[in-house]
Amino acid sequence: MNVSVFSPAKINLFLAVTGRRADGFHDLVSVAAPLDFGDTLEAETVSSSPDRAKYSLECSDPTLAVDPTNLVLRAAAAFSAATGWRDGVHFRLTKRIPMGAGLGGGSSNAVAALRALNRLSGGAASEEALANLAAGLGSDCPMFLPDGPVIARGRGERIERLGGAARQRLGGARVLLFKPSVGVPTAWAYGRMAARQADYVPAEAAERRLQSWCAGQAPLADLLFNNFEGPVFDKYVALPALLGSWRREGRPALMTGSGSACFVLAGNDPVTTLTARIQAAWGEAAFVQTARIL
């Protein structure tokens, strides 16, 4: 048997990191939205033997580690331990989401692996069990289980679907993703925020801002916020240089996650001019991709 699962990228439309917890994680309030752009994960059952690993992975990107540290194989091991399903599986990952970007590629791949294994096993895990497995794999993983935008709280594991009029205002919005050749390590970004102390947003203030937008009629542009921009922009100055120029022109643009990927609300504008501007600022090696919110 084999199955193919789409593994979407995500963007954070709203991200307020509210403080560091006693366990070393950070609390946050976020609106994250999956995109129609992402990776593809294929999974095929294979015969296992003592001289062959039960789970194996190949990837179109040769720079990606395909050893047991990869989240796809970690997800497979966790699924097997939780369900008792023992078949061997070979995964093939077609990688399009850039790494070190804040687009959630690794977390999305892990959830895609859980979904693929659940289909191959005939539903060995319930949705609740999948949610628990996802939360154990990484803070960003649970947000990829629902099919649309979510509100994430806690360290990211407490998920609420964004519904009603608030979701309709996202309306399949068209965005242009762009990323310089340099990535931002997530652990460094959180460490920098903890060291600076000045960038945290009080949880009450974050909730008020989010709930005000959800309950009102303001456009998507009014939701955009990310307090990772303070510590990251302080070091990676190419990001605020480009985003700042667009914001001064009234064009909504934001860094997603802990960076270094950013996005601009593109509307129906042709992207050729925007792309040329990105490449003029960051060089031909810059990643540029159009997408729509799912």
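Further up the page is the structure itself.
Residues numbered from 1 in each chain as written. Predicted model: local features only at pLDDT ≥ 70, side-chain atom pairs only at ≥ 80, totals over all residues. Heavy atoms only, no water.

Novice: Help me understand the overall build of the protein in this model?
Specialist: Helices and strands together make up the secondary structure of the protein, namely nine helices and 11 strands. A buried classification covers 53% of the 294 residues belonging to the protein. Taking as baseline every contact in the protein between residues at least 6 positions apart, the subset at least 24 positions apart corresponds to 74%. Once the 30 positive and 26 negative side-chain charges of the protein are each reduced to a mean point, those two points are 3 Å apart. (Helix = DSSP H or I, 4+ residues; strand = E, 2+ residues; numbered from the N terminus. Buried < 20%, exposed > 50% of the residue type's maximum accessible area, 1.4 Å probe, protein only. Contact = heavy atoms within 4.5 Å. Lys, Arg positive; Asp, Glu negative; His and termini not counted. Charge placed at Lys NZ, Arg CZ, Asp CG, Glu CD.)

Novice: Where do I start with the nonpolar core in this structure?
Specialist: Across soluble globular proteins, nonpolar side chains show a tendency to be buried alongside one another. Counting 65 residues, the largest nonpolar core has Phe91 and Phe178 as the members making the most contacts within it. The dominant element in this core, judged by the number of residues it contributes, is helix H2 (residues 105–120), at eight residues. Dropping the residues within four chain positions of it, phenylalanine 91 is found in contact with Leu41, Glu42, Ala43, Tyr55, Ser56, Leu57, Glu58, Val72, Leu73, Ala76, Ala113 and Leu117. (Core = buried A, V, L, I, M, F, W, Y, C linked by side-chain atoms within 4.5 Å.)

Novice: Please clarify how the side chain of lysine 179 should be interpreted in this entry.
Specialist: Looking at where lysine 179 falls in the secondary structure, it is placed in strand S7 (residues 174–179). Here lysine 179 sits buried without a salt bridge, and the closest side chain of opposite charge, aspartate 61, lies 10 Å off (N-O distance). Among the polar contacts made by the side chain of lysine 179, one reaches the main-chain carbonyl oxygen of valine 182 at a distance of 3.3 Å. The contact partners of lysine 179, leaving out residues within four places of it in the chain, are Pro98, Met99, Gly100, Ala101, Ser260, Ala261, Trp282, Ala286 and Phe287. (Salt bridge = Lys/Arg side-chain N within 4 Å of Asp/Glu carboxyl O. Polar contact = N/O pair within 3.5 Å; in protein donor to acceptor, adjacent residues only side chain to side chain.)

Novice: Just to check I follow, could you spell out the pattern of salt bridges for this structure?
Specialist: Between side chains of opposite charge, a pair can form when the charged atoms approach closely. According to the stated counting rule, one finds 14 salt bridges in the structure shown. A salt bridge links arginine 92 to glutamate 44; the shortest N-O distance between them is 3.4 Å. One end of the pair, arginine 92, is in strand S4 (residues 88–94); the other, glutamate 44, is in strand S2 (residues 26–46), with 48 residues separating them in the sequence. Aspartate 269 is the salt-bridge partner of arginine 251, the closest N and O atoms lying 2.9 Å from each other. On the criterion of sequence distance, the pair formed by arginine 251 in the loop between helix H8 (238–248) and strand S9 (253–255) and aspartate 269 in the loop between strand S10 (262–265) and helix H9 (271–282) is long-range, its members being 18 residues apart. We classify arginine 251 as partly exposed; its relative accessible area is 23%. Each member of the salt-bridge network shares a partner with another, and the members are Arg192, Arg196, Asp199 and Asp234.

Novice: What should I look at first to understand the packing of H2 against helix H3 (residues 127–137) in this one?
Specialist: Any two packed helices are characterised by how steeply their axes cross, that is the angle between the axes, and by the distance between the axes. For the pair H2 and H3, interaxial distance at closest approach is 10 Å and the crossing angle is 150°. Handedness of the H2/H3 crossing: right-handed. Seen from H2, the contacting residues are Ala110, Val111, Leu114, Arg115 and Asn118; seen from H3, they are Glu127, Leu130, Leu133, Ala134 and Leu137. Of the residues assigned to the contact of H2 with H3, the class counts are seven nonpolar, one polar and two charged. (Axes fitted to C-alpha atoms, helices over the stretch in contact; angles between N-to-C directions. Left-handed = near helix turned anticlockwise from the far one by under 90°. Nonpolar A, V, L, I, M, F, W, Y, C, P; charged D, E, K, R; others polar.)

Novice: I tried to follow the pairing of S2 on my own but got confused; where do I start?
Specialist: Within a regular strand, the side chains alternate between the two sheet faces. The buried fraction of S2 amounts to 15 of the 21 residues, a majority that puts the element mostly inside the structure. One ladder, built from 16 bridges, connects strand S1 (residues 2–20) with S2; its direction is antiparallel. Each residue of the ladder has a partner; that of valine 3, found in S2, is alanine 43. The antiparallel hairpin formed by S1 and S2 contains five residues in its connecting segment, where glycine 24 sits at a positive phi of about 95°. (Pairing = 2+ DSSP bridges.)

Novice: What's the story with unusual backbone geometry in this structure? I'm lost.
Specialist: A negative phi angle is the norm for most residues apart from glycine, just as the trans form is the norm for most peptide bonds. Residue serine 260 is reached from glycine 259 by a cis peptide bond, and omega for that bond is 10°. The phi angle at glutamine 197 is positive, at roughly 65°, despite the residue not being glycine. Here glutamine 197 lies in the loop between helix H5 (186–196) and helix H6 (203–215).

Novice: Where do I start with the packing of helix H1 (residues 71–83) against H2 in this structure?
Specialist: Axis separation between H1 and H2 bottoms out at 8 Å; the angle between their running directions is 40°. Viewed along their axes, H1 and H2 adopt a mutual orientation that is oblique. Once H1 is placed against H2, the crossing between them reads as right-handed. Contacts between H1 and H2 involve Leu71, Val72, Ala75, Ala76 and Phe79 from the first element and Gly106, Ser107, Asn109, Ala110, Ala113, Leu114, Leu117 and Asn118 from the second. A breakdown of the residues in the contact of H1 with H2 according to their chemical character gives nine nonpolar, four polar and no charged. (Parallel < 35°, antiparallel > 145°, perpendicular 65-115°, else oblique.)

Novice: What's the story with the pairing of S10 in this structure? I'm lost.
Specialist: Residues of S10 alternate between two faces, with Cys262 and Val264 on one and Phe263 and Leu265 on the opposite face, all of them buried. Alignment of S7 against S10, held across four bridges, turns out to be antiparallel. What sits directly across from phenylalanine 178, in S10, is cysteine 262. As paired elements, S9 and S10 share three bridges and run antiparallel to each other.

Novice: How should I be thinking about the packing of aromatic side chains in this particular structure?
Specialist: The description of an aromatic ring pair uses the distance of the two centres, along with the angle that the planes make with each other. Counted by the stated rule, this structure contains seven aromatic pairs. For the ring pair phenylalanine 14 and phenylalanine 225, a centre distance of 5.7 Å and an interplane angle of 35° mean the geometry is tilted. Taken as a pair, phenylalanine 14 in strand S1 and phenylalanine 225 in strand S8 (residues 225–226) lie far apart in primary sequence, 211 residues in all. The exposure class assigned to phenylalanine 14 is buried, which follows from its relative accessible area of 1%. Judged by relative accessible area, phenylalanine 225 falls into the partly exposed class, the value being 21%. Taken together, a centroid distance of 5.3 Å and an interplanar angle of 90° make the contact between phenylalanine 178 and tryptophan 246 edge-to-face. (Phe/Tyr/Trp six-rings, centres within 6.5 Å; stacked < 30°, edge-to-face > 60°.)

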